[in-house]
Amino acid sequence: MSSSSFGTVLESITRQRGVRASLIVSESDGLIIDANLRFGQDGDRIAALAASLYRKARLSAGAAWLGAVAFLQLDAERGRICVAGGRGDLIIVVVAEPAANVGLIRVELLKAVDQLE
Amino acid sequence: MIIASVEAWVEAPLARYVEEARARLALLLHPSGQVVAQAGFTRAVDVMTACALAAAVNATASELGRQLDGRAFHGLFHSGAEKQFYLASVAICDSTYICLTVFDGESSLGLVRMYFSDLCRELTAAAPQPVTRAPALGLDFERDLNKNLAALFGRA
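Quick notes on the rules
Residues numbered from 1 in each chain as written. Chains lettered and ligands numbered in written order. Predicted model: local features only at pLDDT ≥ 70, side-chain atom pairs only at ≥ 80, totals over all residues. Helix = DSSP H or I, 4+ residues; strand = E, 2+ residues; numbered from the N terminus. Rg over C-alpha atoms; globule rule 2.2 N^0.38 Å. Buried ≥ 20, exposed ≤ 12 C-beta atoms within 10 Å, placed from the backbone. Contact = placed C-beta atoms within 7 Å. Pairing = 2+ DSSP bridges. Axes fitted to C-alpha atoms, helices over the stretch in contact; angles between N-to-C directions. Nonpolar A, V, L, I, M, F, W, Y, C, P; charged D, E, K, R; others polar. Expected span 1.5 Å × (residues − 1). Parallel < 35°, antiparallel > 145°, perpendicular 65-115°, else oblique. Left-handed = near helix turned anticlockwise from the far one by under 90°.

Caption draft 1: Fine view of the overall build of chain B. In terms of regular secondary structure, chain B is built from four helices and six strands. Order of helices (α) and strands (β) in chain B, N terminus to C terminus: β-α-β-β-α-β-β-β-α-α. For 156 residues, the compact-globule formula gives about 15 Å, and the C-alpha radius of gyration of chain B, at 22 Å, lies well above that figure. Based on the C-alpha atoms only, the size of chain B along its principal axes is roughly 80 × 40 × 30 Å. Burial analysis of chain B (156 residues in total) assigns 31% to the buried set. Taking the contacts inside chain B whose residues are at least 6 apart along the sequence as the reference set, 53% of them involve residues at least 24 apart.

This is how it looks when you write it as structure tokens:
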């Protein structure tokens with residue numbers, strides 16, 4: 001997939017109301033492949049922490065014989081982080097407002113993951 | 001994890017960095033290869049070897065950066081089968097140090113880089129302020145010299 005295709009995938013997610021940032025990240029390295037960030041978002045920090053969270057969740061689910069992780073959501077006081085990954089090393093990370101519609105974001109994220117594969 | 005340092009102010013920031021970044025080994029050294037602090041090493045000979053090699057790699061990478069980009073490269077990353085290392089320079093006050101971080105699958109390059117930038121900030125805040133020395137030749141040097149000569153040779 002070319003970097004412009006990554007941009008198209010990210011744009012469809014960032015269009016959702018309440019989305020502050022969307023990033024395509026390498027799960028193993030925690031480094032950004034492509035990102036669509038609003039002013040003031042620290043992309044490197046989000047990517048590193050979200051990739052670490054997702055990796056830990058994937059390993060935990062595997063250890064508990066629950067199978068692959070499709071979607072991860074972290075709700076915090078001032079925002080939420082949603083992560084979705086497929087079979088490869090790439091994951092998609094979304095940072096959203098607390099009031100954002102997670103259902104819509106989840107649908108877009110899972111569609112985007114399909115496009116990455 | 002064993003943490004030892006030559007400079008006491010380095011110890012707390014380094015301990016926090018190793019803990020947060022889930023590093024296996026960390027080494028802070030002068031570009032000359034002289035160790036400042038280490039975390040995770042159990043034998044002195046390993047520290048000395050790692051310091052010498054890290055200093056050499058840093059010198060090579062810095063010179064390569066200057067040749068290619070006009071200035072030294074900031075960081076260097078190598079990945080092995082299980083372990084990886086990140087080598088980067090830290091500018092503290094008017095000195096430059098090198099930090100070698102060895103990590104495995106428990107961490108990632110992104111996390112190490114993120115906490116490394118925190119380490120740089122903490123070391124800068126913890127470092128003792130450089131002592132400002134008076135100039136070797138003071139503004140009143142000539143006047144003082146004449147006064148002293150006069151006093152010594154009785155021409156006051």
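Further notes follow.
Caption draft 2: Quick peek at the overall build of chain A. When its secondary structure is counted, chain A shows three helices and five strands. Compactness check: chain A gives a C-alpha radius of gyration of 13 Å against a globular reference of 13 Å for 117 residues, within 12% of the reference. If you line up chain A on its principal axes, its C-alpha atoms span 40 × 35 × 25 Å. Within the span of chain A, comprising 117 residues, buried residues form 32% of the whole. In chain A, 52% of the contacts between residues at least 6 apart in sequence involve partners at least 24 apart.

Caption draft 3: Quick look at the sheet that holds strand S5 (residues 84-92) of chain B. All names here are of chain B. Reading across the sheet, the six strands line up as S1-S3-S2-S6-S5-S4 and stay open at both edges, with antiparallel pairing between neighbours. The strands lining the two open edges of the sheet, one partner per strand, are strand S1 (3-5) and strand S4 (75-79). Adjacent strand axes in the sheet meet at a mean angle of 15° when their direction is disregarded. Helix-sheet contacts for helix H3 (residues 109-126) involve S4, S5 and strand S6 (95-103), and the interaxial angle to S5 is about 25°.

Caption draft 4: Local environment of the interface of chain B and chain A. With six residues of chain B in contact, the opposing surface of chain A contributes 10 residues. Its residues placed into classes, the side of chain B that touches chain A shows three nonpolar, two polar and one charged.

Caption draft 5: Layout of helix H4 (residues 141-153) of chain B. The first and last C-alpha atoms of H4(B) sit 18 Å apart over 13 residues, in line with the 18 Å expected at 1.5 Å per residue. Buried residues are scarce in H4(B), accounting for zero of its 13 residues.

Caption draft 6: The sheet that holds strand S2 (residues 32-37) of chain A, seen in detail. All names here are of chain A. Taken in spatial order, the five strands make up an open sheet running S2-S1-S5-S4-S3, and their pairing is antiparallel. Strands with a single pairing partner mark the edges of an open sheet, and in this sheet they are S2 and strand S3 (71-76). Neighbour-to-neighbour, the strand axes of this sheet turn through a mean angle of 10°, independent of strand direction. Pairing analysis gives five bridges linking strand S1 (residues 19-26) to S2, with the strands arranged antiparallel. Residue pairing in the sheet places Ala21 in a bridge with Leu37 of S2. Packing of helix H2 (residues 43-63) onto the sheet brings it into contact with S1, S2, S3, strand S4 (79-85) and strand S5 (90-96), and relative to S1 it is tilted by some 65°. The sheet contacts of helix H3 (residues 102-116) involve S1, S3, S4 and S5, and relative to S4 the element is tilted by about 30°.

Caption draft 7: Local environment of the packing of H2(A) against H3(B). Contact pair H2(A) / H3(B): the axes reach a minimum separation of 8 Å and the direction vectors enclose 135°. Taken as axis vectors, H2(A) and H3(B) run oblique relative to one another. The two elements H2(A) and H3(B) cross, and the hand of that crossing is left-handed. Judged by residue contacts, A:Asp44, A:Arg45, A:Ala47, A:Ala48, A:Ala51 and A:Ser52 of H2(A) engage B:Gly110, B:Leu111, B:Arg113 and B:Met114 from H3(B). Class assignment for the residues of the contact of H2(A) with H3(B) results in five nonpolar, two polar and three charged.

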